[in-house]
6 protein chains.
Amino acid sequence: MATAPNVPHRVAVFREAHFNAAHRLYRPDWSQEQNQAVFGLCNNPNWHGHNYKLIVKVIGPIDPETGYVMDLKVLKDLIAAEVTDRFDHKNLNLDVPDFAGLNPTAENIVVVIYQRLRAALSPSLDLHVRLYETDRNFVEYPAE
Amino acid sequence: MATAPNVPHRVAVFREAHFNAAHRLYRPDWSQEQNQAVFGLCNNPNWHGHNYKLIVKVIGPIDPETGYVMDLKVLKDLIAAEVTDRFDHKNLNLDVPDFAGLNPTAENIVVVIYQRLRAALSPSLDLHVRLYETDRNFVEYPAE
Amino acid sequence: MATAPNVPHRVAVFREAHFNAAHRLYRPDWSQEQNQAVFGLCNNPNWHGHNYKLIVKVIGPIDPETGYVMDLKVLKDLIAAEVTDRFDHKNLNLDVPDFAGLNPTAENIVVVIYQRLRAALSPSLDLHVRLYETDRNFVEYPAE
Amino acid sequence: MATAPNVPHRVAVFREAHFNAAHRLYRPDWSQEQNQAVFGLCNNPNWHGHNYKLIVKVIGPIDPETGYVMDLKVLKDLIAAEVTDRFDHKNLNLDVPDFAGLNPTAENIVVVIYQRLRAALSPSLDLHVRLYETDRNFVEYPAE
Amino acid sequence: MATAPNVPHRVAVFREAHFNAAHRLYRPDWSQEQNQAVFGLCNNPNWHGHNYKLIVKVIGPIDPETGYVMDLKVLKDLIAAEVTDRFDHKNLNLDVPDFAGLNPTAENIVVVIYQRLRAALSPSLDLHVRLYETDRNFVEYPAE
Amino acid sequence: MATAPNVPHRVAVFREAHFNAAHRLYRPDWSQEQNQAVFGLCNNPNWHGHNYKLIVKVIGPIDPETGYVMDLKVLKDLIAAEVTDRFDHKNLNLDVPDFAGLNPTAENIVVVIYQRLRAALSPSLDLHVRLYETDRNFVEYPAE
């Protein structure tokens, strides 16, 4: 492996994952009229749901020993442990403590996912998270 | 338009639509243990949800006047009126009367959608419906 | 190759291709008002256009010599010669003689493509053609 | 569940799966020249590979007890046991006994997969298999 | 909502939209030979067309009241008013004043779209636009 | 073309390409046990393979003469000459000299592709490369 570069290249590696969940957008301290005006259909008191698609991006140097930034199998398992096993087939408002007191908009969900993964990843690695609520609506944090 | 064929060709036209909904798979006449054994994660009492994707296929002769089997704008509006306006951002079990007493599995949903569209379409047109619950799980009725 | 089946299996092989074209839906023997009422936005006299996606399906027995129904490279070249080289970056109404006197609806286009490919393929092979005008609007001929 | 239909509807259920494998198209009883002429780039003696995508379609009546044709979790596990655990990250020619003496063209692979799944599924269920070798080249068996 | 962060997180929100249009690449001050040499098939005097796909990215702080960066329904309506209602089913060269004297390459189109949206959005929000001319050819402005 | 901006806008243009290849992840200076522990299924001595998808991003000013950053036909040909003609239907370890002594992980492949394209492109243009090994696993260099 003599030809590996002396200064490791910094590469971004991405892993896609999925979870299916119910949610409702509303503030308990607002009236139903106010919630309806702001959140519209997303305020259905009986919930609605989505197939969320998650793309996790980790940036770091290529390990000259392995040619990996990190083993994507490890990243896959970490995403499962921190995110999809907790969120999949759940009601985000009722079943997931991260959203107690936090409206589960796509924006808030992506920040929660980032914080969970950030705490579990080596600080030497950079992290970005993209979350698709539908094919046409998605979010990214931190914003680039 | 003299070159249009004398015997109209039969063509299938397809229109894709989407709705996002919450549901729960269970039978109220079964114990929670039995529901859990059969439906697993899909039996979450607090609901979960999906981005459903629908593909409606209509077969008929090309109208020699217009070159259309049917105006896809008409089909789009019909799908909205019969299906997506009723199902989108809803809880299928609680909000949609079609599923009162009917477990909202993908199989049962696709049959309900077929029946709604069948009643609204000209009997001279054939109809098939495909429904994606996720990218990897989908159903079709009638089975071909 | 002794284990190849004695009776060749009939398999469908598919090849996807693309072309980008301009068109206008209208009948020259109709008034502008009538064309507008029936074809709406698609009747823009200055044309509009699409990225058409084509999926060609050929059914036949597996050749026990090669394991192929037909060489997909041959099918690819045939689709280019008969369809995409003639239609790509063209105005279907003005540049493609197949649509002289024939309204280039998706339905009529798919039949024209079928007829071109049918004439070029061995009669022992079955043929079906699917044409996407957009991701959400598509057609198939012959209808199955 | 009194409203379930008296005569169960026949529905098709689909499950998508994936495997990544190496292969080479050639006949050991042919000269290298003949193999090159027929199989071209696919005859590379050092192998090449694909991300194969598999769509399994099972047709049967909706079980009025569950609303399922079959539990897609069961179908997922069956596809893993019969196909993807055996084919994934393998050399189809060297590592998979099904292709001893059988050229691993997409056509032959889809028939092998069909036969494996057919033997494992209830005879009361109909089966079709689609296999993508690339996004633009795919096959289906039995041909419909 | 006591647990919302004190310093709002900056998140990117994305909305996808579509329009179908005809265009021609050429310079009226060049000879047909020069236009053909530079723009090739794209210089067809009878026009050709595309299904353009647009992804609009808006970056800003999460509003602690709503959990939104901005209501995506508002962004959707703004994209329709500023872009897709003006460009869809149009000839970009002839029907859209923005391209009077400006060659409608993907690069120029994406800048025009950016400028329209930039003028309509709050200056406190950052904006990026991606435009797909085909699945394989796309552009982004500002370049990141 | 009087309305083209005085200061050219910097735009990113993207071109997608594909190649299908076999590879094996391992270090010849490690034992088979160590290779298996680190690279798992990817260490199959008989190889496995992928449909690699490549997205090349080039950033530069819009040429006011043409409206192009660069002719995407030129970029397409350059990607073919530098990358896909060399990698497609090949064994990356055995057939491609770039990987002599370099483990063909996605990370190392994307750096090799970047270096090939970087040397062939005008220094005035910025370059980024994204490489999909599967739909769910991909890499980017330089990391942004």
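Whatever comes next refers back to the structure up there.
Since this is a predicted model, take the numbers as computed values, not measurements. (Residues numbered from 1 in each chain as written. Chains lettered and ligands numbered in written order. Predicted model: local features only at pLDDT ≥ 70, side-chain atom pairs only at ≥ 80, totals over all residues. Heavy atoms only, no water.)

Visitor: Looking at this structure, I do not really get helix α2 (residues 72-87) of chain C. What am I missing?
Guide: Each full turn of the α-helix corresponds to 3.6 residues, which orients residues three or four apart in the same direction. Helix geometry: α2 of chain C is bent most strongly at A80 of chain C, by close to 50°. Regarding α2 of chain C, the residues found buried are L72, L75, L78, I79, E82, V83, T84 and F87 of chain C. On its buried face, α2 of chain C is in contact with β1 (10-23), β2 (48-61), β3 (90-91), α3 (92-95) and α4 (106-120) of chain C together with β5 (137-141) of chain D. Sitting at the head of α2 of chain C, D71 of chain C places a side-chain oxygen 2.9 Å from the backbone nitrogen of K73 of chain C. Among the residues trailing α2 of chain C, H89 of chain C stands out with phi positive, at a value near 55°. (Bend = angle between axes of the 7 residues up to and from the residue. Helix = DSSP H or I, 4+ residues; strand = E, 2+ residues; numbered from the N terminus. Buried < 20%, exposed > 50% of the residue type's maximum accessible area, 1.4 Å probe, protein only. Contact = heavy atoms within 4.5 Å. Polar contact = N/O pair within 3.5 Å; in protein donor to acceptor, adjacent residues only side chain to side chain.)

Visitor: Explanation requested: the interface of chain A and chain F in the structure shown.
Guide: Accessible area lost on assembly of the parts is the figure often given for the size of an interface. Residue-level contacts link 28 residues of chain A with 28 residues of chain F. Across the chain A/chain F interface, buried area totals approximately 2200 Å², and carbon plus sulfur atoms make up 54% of it. The interface formed by chain A and chain F holds zero salt bridges in total. One can count ten residue pairs in polar contact (both at pLDDT 80 or more) joining chain A with chain F. Of all the elements in the fold, those that place two or more residues in the side of chain A that touches chain F are β1 (10-23) and β2 (48-61) of chain A. A per-element tally of the side of chain A that touches chain F places β1 of chain A first, with eight residues. Residue composition of the side of chain A that touches chain F, grouped by class: 15 nonpolar, six polar and seven charged. Sheet topology places β1 of chain A next to strand β5 (residues 137-141) of chain F; four bridges connect them, and they run antiparallel. What sits directly across from A12 of chain A, in β5 of chain F, is E140 of chain F. (Buried area = accessible area lost by both parts, 1.4 Å probe. Salt bridge = Lys/Arg side-chain N within 4 Å of Asp/Glu carboxyl O. Nonpolar A, V, L, I, M, F, W, Y, C, P; charged D, E, K, R; others polar. Pairing = 2+ DSSP bridges.)

Visitor: Would you take a moment to explain the relation of the copies chain A and chain F for this structure?
Guide: Note that the two copies of the chain are related through a rotation about an axis and a translation along the same axis. Overlay of chain A on chain F (RMSD 0.0 Å): rotation 120°, translation along the axis 0.0 Å. These values place the two chain copies in the arrangement generated by a three-fold rotation axis. Within chain A, E144 of chain A has its C-alpha nearest the rotation axis, a separation of 4.9 Å. Counting the interface residues of chain A, we find that no more than 4% of their copies in chain F are interface residues as well, pointing to two distinct contact surfaces. (Least-squares fit on C-alpha atoms with pLDDT ≥ 70 in both.)

Visitor: I tried to follow the relation of the copies chain E and chain A on my own but got confused; where do I start?
Guide: Aligned on chain A, chain E shows an RMSD of 0.0 Å; the corresponding rotation is 120° and the shift along the axis is 0.0 Å. Little of the interface of chain E is mirrored in chain A: 4% of its interface residues are interface residues there too.

Visitor: Explain the packing of aromatic side chains here, please?
Guide: What describes a pair of aromatic rings is the distance from one ring centre to the other and the angle between the planes of the rings. Residues and elements named next belong to chain C. Following the criterion strictly, the structure yields 48 aromatic pairs over all chains and no others. Ring centres of F87 and F99 lie 5.8 Å apart, and the angle between their planes is 65°; this geometry places the pair in the edge-to-face category. In this pair, F87 is assigned in helix α2 and F99 in the loop between α3 and α4, connecting sequence segments twelve residues apart. With a relative accessible area of 3%, F99 lands in the buried category. Geometrically, the ring pair formed by Y114 and Y141 is edge-to-face, given 5.0 Å between the ring centres and 85° between the ring planes. (Phe/Tyr/Trp six-rings, centres within 6.5 Å; stacked < 30°, edge-to-face > 60°.)

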